[in-house]
Amino acid sequence: MAALLEHGGKRRGFTVVKYFWLMLLCAGFAHADNVVLIADSARVEAISTVVARLKVEAQSAQQKKTGKPGVLNPEFTEALESSLSDLRVALPLVIETLAKAKRADAVLEPAVAKQFGLSGPDITLEVAKALDMRLAKLQFLAP
Amino acid sequence: MKSIFVGLFLVVAGTAHAASILISDTRDAFDRVNAMKGLLHDVDTRIQAIQTGYELAVKPLSAELEQLRKPGQNGQNQQRKAALLLQIAGLQKNASLAQQAVGQANEKALAQIDTAIQAIEAELKKERKADAVLRAQDTLYFNAQCACNITNEIYKRLNARLPKLALAIK
């Protein structure tokens, strides 16, 4: 009987401690309830394979037309920018889709997050990947 | 002992993983802030009045100038022509200065509204114990349905505190 009571006391003790921490945990979550994600849009463009491919396509198109390889001339730079405009339109949509899937409250540029003293998971790579998938068929439009 | 460590870990994880933020989206303020709507109407009315006043004043002068420019008019009218041109230029300058004054008064009033918005944001930050108040333009995305969206509350308080704003033109 004594052993049984002792066992019951231990069990009750454990339950009280468990609920105490559970309550504290809930309080912790209730206080900090916003999901903030970080996305570096400039880096997205820098690591996007579609952007890299379009740049190569632009260079080869220029070489074909003018015989000059290397740095793009203003005409081809403008054409590249125009081809990349689809990407810039798609970027916020991709970020929104990812943010919704992750139930995020906000997505911020790293500089903004730093300015406000906020931090969160970095989704830059995921954004670049999703963008590349979405724009896989994007072609360079030669001038 | 084990449960204490587990609990501590969970609490730290819970509080450290995210911060509490508030977001305000006042990009549609011109439609939702009553003081701004009134201001916009006031600016339009005044600019229109300046334009109409200018046109009414210039019309007879331009007509006279036109007459003087017709072929067959002798050179004695040169002085009158010069005087008319000077008068028209003066009217133009006055109208331009008046429009400028309206623009400056409008900017001042808009700054007053922005200051009021900032004060409300600070209040809400304190009330809701938030770590930061972000504006929609600071974000790449924000969830408009989030409880952290304080836009409606800002408009509600702003319209109550600043129902009307007059242009203070010097």
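Now for a description of the structure that goes with this document. As the structure is a prediction and not an experimental result, all values here were calculated from the model.

Parameters and conventions
Residues numbered from 1 in each chain as written. Chains lettered and ligands numbered in written order. Predicted model: local features only at pLDDT ≥ 70, side-chain atom pairs only at ≥ 80, totals over all residues. Buried ≥ 20, exposed ≤ 12 C-beta atoms within 10 Å, placed from the backbone. Helix = DSSP H or I, 4+ residues; strand = E, 2+ residues; numbered from the N terminus. Contact = placed C-beta atoms within 7 Å. Core = buried A, V, L, I, M, F, W, Y, C linked by C-beta atoms within 7 Å.

For helix H6 (residues 124-134) of chain A, the complete set of buried residues consists of Val127, Ala128, Ala130, Leu131 and Asp132 of chain A. At its buried positions, H6 of chain A is contacted by helix H2 (41-47), helix H3 (49-66) and helix H4 (74-101) of chain A.

What follows covers the nonpolar core. In terms of nonpolar packing, the biggest core is built from 54 residues, with Ile95, Ala106, Val107, Val127 and Leu131 of chain A together with Ile21 of chain B touching the most fellow members. In terms of residue count, the dominant contributor to this core is H4 of chain A (10 residues). With near-sequence residues (within four places) excluded, Ile21 of chain B lies in contact with Asn34, Val36, Asp105, Ala106 and Leu118 of chain A together with Ala130, Asp131, Ala132, Leu134 and Cys148 of chain B.

Positive phi, close to 50°, is recorded for Arg103 of chain A, a residue that is not glycine. For Arg103 of chain A, the position within the fold is in the loop between H4 and strand S2 (106-108). Unusually for a residue other than glycine, Lys129 of chain B sits at a positive phi of about 50°. Along the chain, the position of Lys129 of chain B falls in the loop between helix H4 (78-127) and strand S2 (132-135). Among the residues examined, Lys129 of chain B registers 8 C-beta atoms within 10 Å and is labelled exposed.

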